[in-house]
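Structure at a glance
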Amino acid sequence: MTDERIIEAWDGSRIPARRYDPRRLLAHDTAHKLVAQAHALQDLIREEKLRVYAEVDAYLDIVLESYGARLGGSRGGLRIEAIDGVRKVEVSVTDYQSVTAAIEAARVLMNEILDDLVGDASDDLRAIVANAFARNSKTGKISTERVLSLRQLNLSHPKWPLAKDAISDAVITAGSKRYIRFHERDTPHAPWKQIDLNFSSL
């Protein structure tokens, strides 16, 4: 049976399927089929993830209610462990941060301070400051941890308090993300093994 499909190529041209080499057409169809299956799997995982977190929150609500504590609000990390000691679930919350426009003020102030200190500012100190404001070559992002670490410096300069304020204002918490991990072990005294949910490693 002749394949009457018209396939749109990457450059926008529309070519009848019968004009392609059968192996090239097989690759095309297989790629689309597998990616469609991946989307279906992604949707299933997303639904299961929402269901699991709903169960975690329901469990937490019951515990809070049993103590007369207020329900709702933000949810922190917790650990749920079975009585027999062979299964547990750990939920953690990680904040993620971003930089604001104050990062440029912090950088300028730090450079002014180092220029004024001249001989007192060692090459190591200059390297620490330069590294703190350097952007990652791959992501283009500045490390918020390195920027905030500059506050630990103790510099004798009138603009240092301003620089510290700018450093603090330069980093804000942009949000948080919850992570859930499942663990099990054969006996209560055996080491925990995490249940791997990474598709590629299964």
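Residues numbered from 1 in each chain as written. Predicted model: local features only at pLDDT ≥ 70, side-chain atom pairs only at ≥ 80, totals over all residues. Heavy atoms only, no water.

What about the domain arrangement of the protein chain?
Accessible area lost upon the coming together of the parts is a frequently used measure of interface size. For the record, the criterion: An automatic or database domain assignment supplies the start and end points of every domain. Contact criterion: two residues are considered in contact whenever any of their non-hydrogen atoms come within 4.5 Å of each other. Summed over both partners, buried area is the accessible surface (1.4 Å probe) that two parts give up on being assembled. The working definition used for a salt bridge is a side-chain nitrogen of Lys or Arg within 4 Å of a carboxyl oxygen of Asp or Glu.
Structurally, the protein chain comprises domain 1 (1-72) and domain 2 (76-201). Between the C-alpha centres of domain 1 and domain 2 the distance comes to 33 Å. Counting residues at the interface gives six residues for domain 1 and eight residues for domain 2. Summed over both partners, the interface of domain 1 with domain 2 buries about 730 Å², with 73% contributed by carbon and sulfur atoms. Joining domain 1 to domain 2, the criterion identifies one salt bridge.

Some words on the packing of helix H2 (residues 102-117) against helix H3 (residues 123-133)
Selection criterion: With axes taken as lines fitted to C-alpha atoms, and helix axes fitted only over the stretch in contact, angles between N-to-C directions fall between 0 and 180 degrees. For helices the rule is a DSSP run of H or I covering at least 4 residues; for strands it is a run of E covering at least 2, with both sets numbered from the N terminus onward. Here roughly perpendicular refers to angles of 65 to 115 degrees, roughly parallel to angles under 35, roughly antiparallel to angles over 145, and oblique to all remaining angles. Residue type decides the class: Asp, Glu, Lys and Arg count as charged, Ala, Val, Leu, Ile, Met, Phe, Trp, Tyr, Cys and Pro as nonpolar, and the leftover types, Gly among them, as polar.
Running from N to C, H2 and H3 point in directions that differ by 170 degrees, and their axes come no closer than 11 Å. The angle between the axes of H2 and H3 places the two elements in the roughly antiparallel class. Residues Ile103, Ala106, Arg107, Met110, Leu114 and Asp115 of H2 lie in contact with H3, whose contacting residues are Leu125, Arg126, Val129 and Phe133. Across the contact of H2 with H3, the residue classes tally to seven nonpolar, no polar and three charged.

Notes on helix H5 (residues 160-170)
In plain terms, the rule: Accessible area is worked out with a 1.4 Å probe on protein chains only. A residue is then buried under 20% of its type maximum, exposed over 50%, and partly exposed in between. What the arc covers is the set of directions going from the helix axis to the C-beta atoms.
Among all positions in H5, only Trp160, Ala163, Ala166, Ile167 and Ala170 are buried. Viewed along the axis of H5, the buried residues span an arc of 120 degrees, placing them on a single side of the element. Of the exposed residues in H5, the ones pointing more than 90 degrees away from its buried face are Leu162 and Asp169. Buried residues belonging to H5 abut strand S4 (87-99), H2, helix H4 (144-149) and strand S5 (171-184).

Observations regarding the packing of H2 against H5
Cut-off, in case you're wondering: Handedness of each helix crossing follows the sense of rotation of the near helix against the far helix: counterclockwise by less than a right angle gives left-handed, clockwise gives right-handed.
Remark: H2 packs on H5, axes separated minimally by 8 Å, with the N-to-C direction vectors making an angle of 150 degrees. By the angle class used here, H2 and H5 are roughly antiparallel. Both H2 and H5 take part in a crossing whose hand is left-handed. Contact with H2, carried on its side by Ala102, Ile103, Ala105, Ala106, Leu109, Met110 and Ile113, involves Trp160, Leu162, Ala163, Ala166, Ile167, Asp169 and Ala170 of H5 and no other residues of that element. Split by residue class, the contact of H2 with H5 holds 13 nonpolar, no polar and one charged.

With respect to the sheet that holds S4
Keep this limit in mind: Two strands form a pair only when DSSP identifies at least two bridges running between them.
Read across the open sheet, the four strands follow the order S3-S4-S5-S6; overall the sheet is antiparallel. Strands at the two margins of the open sheet, each flanked by one partner only, are strand S3 (78-81) and strand S6 (193-194). Sheet analysis places S4 next to S5, joined by 13 bridges and oriented antiparallel. Across the sheet, the residue bridging to Ser98 is Ile172, located in S5. Where helix H1 (residues 22-66) meets the sheet, its contacts fall on S3, S4 and S5, and the angle it forms with S5 comes to roughly 90 degrees. Its contacts with the sheet place H5 against S4 and S5, and it is angled at close to 50 degrees to S5.

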